[in-house]
Amino acid sequence: MELKGVRFRYPTFGGQHGPDIFDIQGFPFAPGCCYSLRGSNMSGKSTLLRLMSGTIPALTGGVAAGSLLGPNHETRRLPVAGPTMRESGVATVHQGDPLFPHMSIWDNVRLTRPHGARLDPHGARLDQKAVKTKLELILERLSGDEPRRAENPLGTLSGGGQAVIRMLRAVGWGYSLLLLDEPTTYLDAGNRSLCFELLWDSWTRGATVVFVSHHEPDHAELREGAVSRGFRYHEIDLADKQLLDRSGEA
Amino acid sequence: MTDQGLRSTVLLLLAVAVWAVGVVGGGADPADLLGAMVGTAAPLVPLALGLGLVLAIGDLDLSVAGSFSLFGMLLLTLASAGWSPGLTYSCVLVLSVLLGLFQGMLVARVRVSALVLTLAMSMILGGIAILLDSNLSVAAAASPDRCVALPCPGDGPVRRTLPEDFRIPLFGSPLLWATVLVGGSEWWRRKSLWALQHLAIGYDRRAATLAGLSVVRLRVSGFVASSVGSFLSSALLISAQRGGWTPSMGVGIELKGIAIAVIGGTSISGGRFEPRNIALAAAVWMALDPLQALVEWVHPQTQQIFVGTVLAIVAVLQTRRGIGLNEP
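Residues numbered from 1 in each chain as written. Chains lettered and ligands numbered in written order. Predicted model: local features only at pLDDT ≥ 70, side-chain atom pairs only at ≥ 80, totals over all residues. Heavy atoms only, no water.

Enquirer: What is the right way to look at the overall build of chain B in this model?
Expert: Looking only at helices and strands, one finds 13 helices and two strands in chain B. Within chain B, the proportion of its 328 residues that are buried is 53%. Sequence separation of 24 or more characterises 77% of the internal contacts of chain B that already satisfy a separation of 6 or more. When the accessible surface of chain B is totalled, it reaches about 14200 Å², and 69% of it is carbon and sulfur. (Helix = DSSP H or I, 4+ residues; strand = E, 2+ residues; numbered from the N terminus. Buried < 20%, exposed > 50% of the residue type's maximum accessible area, 1.4 Å probe, protein only. Contact = heavy atoms within 4.5 Å. Areas by Shrake-Rupley, 256 points an atom, 1.4 Å probe, with all protein chains shown as cover.)

Enquirer: Help me understand the confidence of the model for chain A in this model?
Expert: Close reading of the predicted structure is inappropriate where its pLDDT is low. When the pLDDT values of chain A are averaged, the result is 81; 85% of them are 70 or greater. Across chain A, element-level confidence peaks in helix H3 (residues 105–110) of chain A with a mean pLDDT of 93 and bottoms out in strand S7 (residues 118–119) of chain A with 67. (pLDDT = per-residue confidence, 0-100.)

Enquirer: Can you help me understand the pattern of salt bridges in this one?
Expert: Opposite charge on two side chains permits pairing when their charged atoms draw close. Counting across every chain of the model gives 15 salt bridges over all chains. Across the salt bridge formed by Arg7(B) and Glu274(B), the nearest N and O atoms sit 2.4 Å from each other. With Arg7(B) in helix H1 (residues 3–26) and Glu274(B) in the loop between helix H11 (253–263) and helix H12 (275–291), the pair connects residues that are 267 residues apart, well separated along the chain. Among the salt bridges present, the one from Asp59(B) reaches Arg219(B), with a minimum N-O distance of 2.8 Å. One end of the pair, Asp59(B), is in the loop between helix H3 (45–56) and helix H4 (64–80); the other, Arg219(B), is in helix H10 (residues 215–239), and 160 residues separate them in sequence. Among the charged side chains, a network of salt bridges with common partners joins Arg38(A), Glu216(A), Arg223(A) and Glu235(A). (Salt bridge = Lys/Arg side-chain N within 4 Å of Asp/Glu carboxyl O.)

Enquirer: What am I meant to see in the packing of H3(B) against H11(B) here?
Expert: How two helices sit against one another is set out by the angle between their axes and by the gap between those axes. Residues and elements named next belong to chain B. The contact between H3 and H11 brings their axes to 8 Å, and the two run at 70°. Comparing their axes, H11 and H3 come out roughly perpendicular. For the pair H3 and H11, the crossing hand works out as right-handed. Contact residues: Leu47, Ala48, Leu51, Gly52 and Leu55 in H3; Ile253, Glu254, Gly257, Ile258, Ile260, Ala261 and Val262 in H11. Along the lines of polarity and charge, the residues of the contact of H3 with H11 split into nine nonpolar, two polar and one charged. (Axes fitted to C-alpha atoms, helices over the stretch in contact; angles between N-to-C directions. Parallel < 35°, antiparallel > 145°, perpendicular 65-115°, else oblique. Left-handed = near helix turned anticlockwise from the far one by under 90°. Nonpolar A, V, L, I, M, F, W, Y, C, P; charged D, E, K, R; others polar.)

Enquirer: What is the right way to read the sheet that holds strand S10 (residues 208–212) of chain A from this model?
Expert: Strands belonging to one sheet form pairs held by backbone hydrogen bonds; the direction of such a pair is parallel or antiparallel. All names here are of chain A. Taken in spatial order, the six strands of this open sheet run S6-S9-S10-S3-S11-S12, and their pairing is mixed. In this open sheet, the two edge strands, each paired with only one partner strand, are strand S6 (90–93) and strand S12 (242–245). Across this sheet, the average inter-strand angle for adjacent strands is 20°, counted without regard to direction. Bridge analysis of strand S9 (residues 177–181) against S10 gives five bridges, and the strand direction is parallel. Within S10, the position partnered with Asp181 by the bridge is Val212. Lying over the sheet, helix H7 (residues 216–228) contacts strand S3 (33–38), S10 and strand S11 (232–239), oriented at roughly 160° with respect to S3. (Pairing = 2+ DSSP bridges.)

Enquirer: Even after reading the chapter, I still don't get helix H8 (residues 193–203) of chain B, so can you show me in this structure?
Expert: Turn by turn, an α-helix covers 3.6 residues, leaving residues three or four places apart pointing in a common direction. Burial within H8(B) is extensive, with nine of its eleven residues counted as buried. All of the buried residues in H8(B) are Leu193(B), Ala195(B), Leu196(B), Gln197(B), His198(B), Leu199(B), Ala200(B), Ile201(B) and Gly202(B).

Enquirer: Which parts of the structure should I look at to understand the confidence of the model for chain B?
Expert: Residues and elements named next belong to chain B. On average, residues of chain B carry a pLDDT of 83, and 86% of them reach 70 or more. Looking over chain B, one finds the lowest element-wise mean pLDDT in strand S1 (residues 149–150), namely 41, and the highest in helix H5 (residues 85–108), namely 95. Low pLDDT (under 50) marks residues 146–154, which in the prediction has 17 contacts with non-local residues, meaning those over four places away or in another chain. Low pLDDT, under 50, characterises residues 322–328; the predicted model gives this stretch 14 contacts beyond four residues in sequence or across chains. If you check the scores for this complex, the pTM reads 0.84 and the ipTM reads 0.82.

Enquirer: Got a minute to help me understand the packing of helix H7 (residues 174–191) of chain B against H12(B) in this structure?
Expert: Residue and element names in this part refer to chain B. Contact geometry for H7 and H12: axes closest at 8 Å, N-to-C directions at 145°. Every residue of H12 that contacts H7 at Val182, Ser185, Glu186, Arg189 and Arg190 is listed here: Pro275, Arg276 and Ala279. Looking at the contact of H7 with H12, its residues break down into three nonpolar, one polar and four charged.

Enquirer: What is the right way to look at a nonpolar patch on the surface in this model?
Expert: A cluster of nonpolar side chains, contributed by Val94(B), Leu98(B) and Leu101(B), occupies part of the molecular surface with about 250 Å² of accessible area. Its place among the elements puts Val94(B) in helix H5. (Patch = residues over 30% accessible without salt bridge, like charges linked within 9 Å, V, L, I, M, F, W, Y side chains within 5 Å.)

See below:
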């Protein structure tokens, strides 16, 4: 995906709009790379990911301008709708994304199944059966939870377990661009490790990952994982309303 | 037993109890009474299913009162103008889809209030139905040979029927239609990802948006289902030739349909849709109709009290479940 002339302002009281949250002239996200997005609090990292995934300004209002060159080389003028981006191959994990606790664990995962099965790195179809098998393996390994079946309600899992399911929902179906906003926050070591395992699995398919975290060990693990697997790793910074690639800096 | 199974059992027992009252208290033939109960309920099932789906996705459609009357009057108008049955039914079906699309887009994309818009549409469509009825009366007076009205205009409210060739065998079997629709809807609800997405937006629209679901598209499809359900119910009733049709046939039917959907387990707050139980609820509601001629103390007021009591109990139970539990 490439951002071009992207600007966004939140609405304020009285129908006015606040200042630009960011003003990004251009930034390409290359395929098969991992981007570790940093920035101070309130710099707009989560807002940027939500804009790229199409969940704002649909949910919050506001004014968005610019365009996105999507994973399939289609150009979309902002604002775009979430379903449009999902159809383009963009999946997201937002911080604190609500799930559906009364639905089964499997129903929560299959809710975001794309039209048509995609392929894993070995060329096997990522159909419902394959993803459900992966889910069942994960359910046996969840840290802090009793073993569950895919048909059990999601609400029977702990918060950590639900976070892992949230990750699987995004990365398990073969989407080509993964926008991950604090996916491992507050997770214990076991579930955090599971989340990264799911991420490495999707990464090997050539997916592009944009990962936001305040947790320095997450960035370290991403860097180490990318280098050890021979993938390109970029550290990018959202500062002064701009996206800057710091990868070449000492 | 699942919650849905429990609701099915309770509804079935209620229906059996009502049937037993008719057999024991009214001396009715068991098979005849069962046939009457089912036959009275079946035509309403498509409308109740459509309204149930709209409720399940968190919306409301009051326009079925007007659309129900209008679709029936349109069938009569086109039939009296000499249109063939196939063309008549097809055109009115297409109109029902377009009406659903129109309302759905206004509610989901433009964000007009569903309550106000569908109420307004109900009035507009109902008014058009009355206009069509007036035109038919004028046409009948001018050209008695083309009259499809029984009794003749001027003898009080006109109850109209379709010509004999419009009684398509399939449409003449409301029970068959209801069975197919309920079976199909149950299968769709259990197996289809699309159904799951409908229920998801009813349960938590924000979560569904964040998951990347097309909330607008799903809401529009709910209104289309409601409008088509209204058409099917009016076509089934008018084709079955049950006492003729008037433009006021739809009065109160939206409330009846919503009540049947709620008694049938549809959650008022969205997220739950149980076609099988909606059909059973229709049977419970309509079961008292045939009893009115059989049992002395069964009259419209009794039916109202009975159904209102059941509805109130269901509402209390739904509210109680909504506190502390996550199931809708």
